Amino acid sequence: NTGTYPGRKVRMTEITAPKSPVTAEQFADEIREQLKYTQNVTTEQATPADVYVAASKAVRNHLADSWFKTQADTVNGNTKAVGYLSAEFLMGKQLRNALLNAGLTEQFDKAVEALGFKVQDVVDAEYEPGLGNGGLGRLAACFIDSLASLGVPAFGYGIQYKYGIFKQEFDKDGKQVETPDYWLANEEPWGHIDYNRDQKVSFGGKVVENADGTKTWQPAWSVRAVPVDYLVPGYKSGRVNTLRLWSAKSYDEFDLLAFNRSEYMEAVTPQVKAENISKILYPEDSTKVGKELRLEQQYFFVSASLHDAIRVFYPGQDKPDLTTFPNKIVFQLNDTHPVIGIPELMRILIDEYGYDWDTAWSITTKTFNYTCHTLLPEALEVWPASLIGELLPRHLEIIEKINAQFEDELKSKGVDKNTIKDMAIYTGDAVRMAYLATYGGSHVNGVAELHSQLLKDVTLKNFSDVYPDKFTNVTNGVTPRRFVKLANPRLSDLITEGLGTDKWLSDLEMLKGLEPLAKDDEFVKKFAAVKKANKVDFAAYAKREYGFELDPNTMFNTMVKRLHEYKRQSLKILSVISTYADIKSGKVKAEDVTPRTVFFGAKAAPGYYLAKMTIQLINNVSRVVNNDPDVKGKLAVYFPWNYNVRLAQHLIPATDLDEQISQAGKEASGTGNMKFALNGAMTVGTLDGANVEIRERVGAENFFLFGMTVDEVEKKYAEGYNPASYYEADPRLKHAIDMVADGTFSNGDRNAYSPLVADWLTKDWFMTLADFSAYMDIQSEIEALYADELEWNRKALLNVANSGYFSSDRSMEDYLERIWHTAPLAD
Ligand code: CBF
C-alpha cells in the first residue's frame, strides 16, 4: 500500500473504485428525486439548469458518508490535520470534478441522456465561482484536492465572497471593462450554509486593563461569521475534506426604529456594514491595497477559522487544554493575507483561555507556517499601525509586545542595531506582515527553488541569516485530475494506453514511463493527433463562445496569466507587431512564415493603468492584424475575454507553444507553466520561477530558453539601465515601437499609447526592451522545429513524460515532510 516511484515518502491511499457506485438507472432516479423534492419540478418541466442542480445535489449525497467519516476520523484519530488559511480559493467548476472523484462520471452521462438532456448543456449550466485572482487562489484549490486525494485530513478556510473576481469585457475601443461577478445569482448546489456553527467576530472599541493586570478588549461592533461548507472529495481515496468559506451576516438585520422614522437607508446600515465584509474579492494580484475593508476581511475569516478549529477539536469543552492545539492542527498562512492570525491566536489563548504569554507564544509558533508567494516588495503587506489600532486595538498591543520580544531575541543573538531596526515587525507607524509571519511561525517557504533561494538571499535575508532553519522550499504543483484528466481526456486516454494503467493519476511521476515511447514514431503520431483534435475542438469552442474563426492548422501560441508589467505581455505583443511588419513589408517571404495564432488571456487590476493600456493595445493589434488580407493565414491574434479556469481547461490542451517570459527574478513560481508542459505544449521562457525546474526536468533541448538571468538583470540595474539604447540598437524593436507610437493600432491617434511608449523608452523597469532581441532570435529556432512535426511532438511528449514532478500531490508530500510533519489518516 505504498506509492510506486522511488523517493515517495508518503503512503499512498489505496487506489480503488469508490464504494457503492450506483448504476446509471439508479442515478437517473436520484436526479428525478432531487428534481421533484428539492427543485420542485417534474422531469418534463426541468431545464438543463434544474438538472445541473439536481445532479450536483445527488453527487453531494454520495459523498456525504465519506465526509462524515473523514470528519470523525480527523477529530478522533491521532493524525494532525492541516488548516489551509487562504483569502482565495479559485475552485473552478465543481460538477465534473466531483463526478470523477465520486466515480460517477459514466452514470451521470448516461442518466442525463436517459432523462432527455444533453450532457454538455447540463455541465454548461454551472457558473464558475471566481473566488481568486489567479495563481495563488488556484494553487490553494489544487492543494486541497491533493490533500483529500492523499487522505490527509484538512480544512480549507477562506471567504465566500458574494462577488468574485470581476467579469472582464472589452469595449469597442478594446479597453477592459469590469462588471461584477454575481456568481450566486442562481441556486448554488455545492455550498451548505451552516447557521448553527457560526462564530462572532468583533472589531474596534478599546482595551481596558483589569485590576489583576489582565486586559479586556471591549469591541465596538461585531459581525456574524456563518460557514458555508464545500465538500472536497479525494480522487479514489474514499476521503472527503472540507472547504469552509465564511460569509458575513449582521446581528442587527434591521433597525425598526430608524425605519419607522422613515430613515430607510439608515435602517439597513448595520446589515450593509456587516455584509460588506464578505461582499467582494479584491481584484488585486501582487499589489497592495491599503483598504480598511481588506484588513477587516482578513481578520474576519482568520478569527472565525481559529475559533472554528477549537470548536471542532475540543467539542463542548469550556476549558480545553490548548497546549495540545498544535498536535491537532497545523495552519498554513497562504501569503500575508491571513497573518493577522498570529496575534489573534495569541489573543484567544491569553484573553479567552487565560494562558500566560510564554505558553501562548509557544503554542502559536508551533501552530503556524508561512508561504510567501512573491518577490515583489509591494506585494508584502504592510499595514498602517493606526489602522490596526482602530480596528483591532488589542492586536496592536500584542504585535508591539511580539516586536519587543523579537528585538530582545535579536539582541541576545548579537544582531547589530541597524539590522534590528531593518527587521522590525512594528516600526511605530506600520506593521510588516511578512516579518510577523516569519518570526511567528515555524517555517517559511517559497514556491519554487529559485524563489526560495531569492527569499533567503534578498527579500528575507536578515531573517534567514538569524533563523536559517526556518527556511525551506516547496515547489508548486497542479492537480492532474482537473488539468489533465478532465481538461484533456484524449491525452489521458493515450497516456493510459501508453502506460497500460491509469494509476498515473494518483502517482504522476509514472509519466516517466512514456519516455521510451518518444522513440516510437507511431506513438508520437498518436500524440500529435491528440493535439490536433484538441485544437479543432478549441476552434469550435472559440467560435461558439467568442465568435472567433480559428485555423487549427496554424501553430497555437498562448500567453495566459494576469496582466502585469513583470510578466511582460509587452514583449509578446511587440514581437507580434514586428512579425506582422515583416510579413506585410515582404521582408519575410510568405512561404517562410510559420502560420501562427497567438492567444492572450489576462485580466488587469482595475486601477492598474499601464496594464489596462496593454490590454487595449493587444486588442487593437488583434483588430488590425486579423483584418489585414496581407497576413491572412499567416498571423492572427485573439484575446478571449474573461480568462478563467474553464477557458484554461479548453485552451491549455490545444496549445502548441506556451509563453513564460517574465523578467528573471520576478515570477515566484508560476503554475500555468506546469499545466502547459503536462498537456504537451513546448515552452518559450526565461530562467524564472519554476521554469528553471521544468527545464531541468524536461531537458534543456526540449525547452526554448532565452533572456537575461537574475544575475544579469541585477547587474544591469546596477550599471544603470537605459532602455532607449536597445530601441536604437535593434531595428526590429524600433520599428515595432514606432508603429505603436505612430497610430497604426489606434486609427491614427498618436497619443493613444504614449504613456506606454514613454514608459518603454524611459523606464522599462522589467527590461522588456533588453530581452527583445533574444526573444526574437529564439523564434527562428521555434519555427524550425515546428516545421518538423514529428520532432516537435517528440519533444512535446518528452515534456509530458518528465513533468510528473509538478503534481500538487508531490507538493503536498513535500509540505507534509518538510513543514507539517503529519500524514494521511489511517484507513
Ligand atoms: O504560488 C502561486 C502563485 O502565486 C502568485 O500568483 C501570487 O499571487 N503571488 C505568483 O505570482 C505566482 O508566481 C505563483 O505561482
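Since the model is a prediction, treat every value here as computed from it, not as a measurement.

Any details on the sheet that holds strand β22 (residues 704-705)? Residues and values, ideally.
Overall, parallel pairing links the 6 strands, which are arranged β19-β18-β17-β20-β21-β22 in an open sheet. Every other strand in the sheet has two partners, leaving β19 (635-638) and β22 as the edge strands with one partner each. Against the sheet, helix α23 (residues 569-585) engages β17 (555-560), β18 (596-601), β19 and β20 (657-660), with an angle of about 150° to β19.

Tell me about helix α4 (residues 105-114), and name the residues and values.
Counting along an α-helix, one turn takes 3.6 residues, and residues three or four places apart therefore face a common direction. Regarding α4, the residues found buried are Q107, F108, A111 and V112. One face of α4 carries all of its buried residues, which in axial projection span an arc of 125°. On its buried face, α4 is in contact with α1 (24-39), α2 (48-76), α3 (95-102) and α5 (119-124). One or two positions beyond α4, positive phi appears at G116, with a value near 90°.

If you had to explain the site of the ligand to someone new, which residues and values would you point to?
Around the ligand lies a shell of 16 residues, among which G135, L136, H373, A668 and S669 are the nearest. Split by residue class, the shell around the ligand holds 4 nonpolar, 10 polar and 2 charged. A domain-level breakdown of the shell around the ligand finds at least three residues from each of domain 1 (77-93 + 128-159 + 234-244 + 287-476 + 812-820) and domain 2 (480-542 + 551-804).

Got a sec to walk through unusual backbone geometry? Specific residues and values, please.
Trans is the common state for peptide bonds, and a negative phi is the common state for residues other than glycine. Even without a glycine there, the phi angle at S262 is positive, about 65°. Among the structural elements, S262 can be located in the loop between α7 (256-260) and α8 (264-267). In this structure S262 comes out as exposed when scored by C-beta crowding, with 8 C-beta atoms within 10 Å. A positive phi is found at D335, a non-glycine position, where the angle reads about 75°. Within the element layout of this structure, D335 appears in the loop between β11 (329-334) and α12 (341-352). Judged by the 26 C-beta atoms lying within 10 Å of it, D335 is buried.

Give a description of the domain arrangement of the protein chain that names residues and reports values.
Structurally, the protein chain comprises domain 1 (77-93 + 128-159 + 234-244 + 287-476 + 812-820) and domain 2 (480-542 + 551-804). At the junction of the two partners, domain 1 supplies 28 residues and domain 2 supplies 20 residues. For the side of domain 1 that touches domain 2, the elements supplying multiple residues, two or more each, are α6 (135-150) and α18 (449-459). Among the elements that take part in the side of domain 1 that touches domain 2, α6 stands out by supplying 5 residues, more than any other. Looking at side-chain class alone, the side of domain 1 that touches domain 2 contains 9 nonpolar, 13 polar and 6 charged residues.

Let's hear about the environment of G441: which residues, and what values?
Relative to the assigned elements, G441 resides in the loop between α17 (433-440) and β15 (444-446). Each C-alpha atom of the pair G441 and N210 lies 30 Å from the other, and the pair is 231 residues apart in sequence. In this structure, G441 is in contact with L333, T365, F368, N369 and Y370, ignoring residues within four places of it in sequence.

How would you summarise the nonpolar core if you had to cite specific residues and measurements?
Counting residues in each nonpolar core, the largest one holds 213 residues, and the members touching the most others are I144, L147, F300, L436, V621, I737 and L797. Of the residues that make up this core, three or more belong to each of domain 1 (77-93 + 128-159 + 234-244 + 287-476 + 812-820) and domain 2 (480-542 + 551-804). Ignoring any residue separated from it by four or fewer positions in sequence, one finds V621 in contact with I573, V576, I577, V637 and F745. Core analysis: the next-biggest nonpolar cluster, separate from the first, contains 21 residues, A55, A98, F117 and V122 among them.

Definitions and limits used
- Residues numbered from 1 in each chain as written.
- Predicted model: local features only at pLDDT ≥ 70, side-chain atom pairs only at ≥ 80, totals over all residues.
- Pairing = 2+ DSSP bridges.
- Helix = DSSP H or I, 4+ residues; strand = E, 2+ residues; numbered from the N terminus.
- Contact = placed C-beta atoms within 7 Å.
- Axes fitted to C-alpha atoms, helices over the stretch in contact; angles between N-to-C directions.
- Buried ≥ 20, exposed ≤ 12 C-beta atoms within 10 Å, placed from the backbone.
- Arc of directions from axis to C-beta.
- Near = placed C-beta within 6 Å.
- Nonpolar A, V, L, I, M, F, W, Y, C, P; charged D, E, K, R; others polar.
- Domains from an automatic or database assignment.
- Core = buried A, V, L, I, M, F, W, Y, C linked by C-beta atoms within 7 Å.

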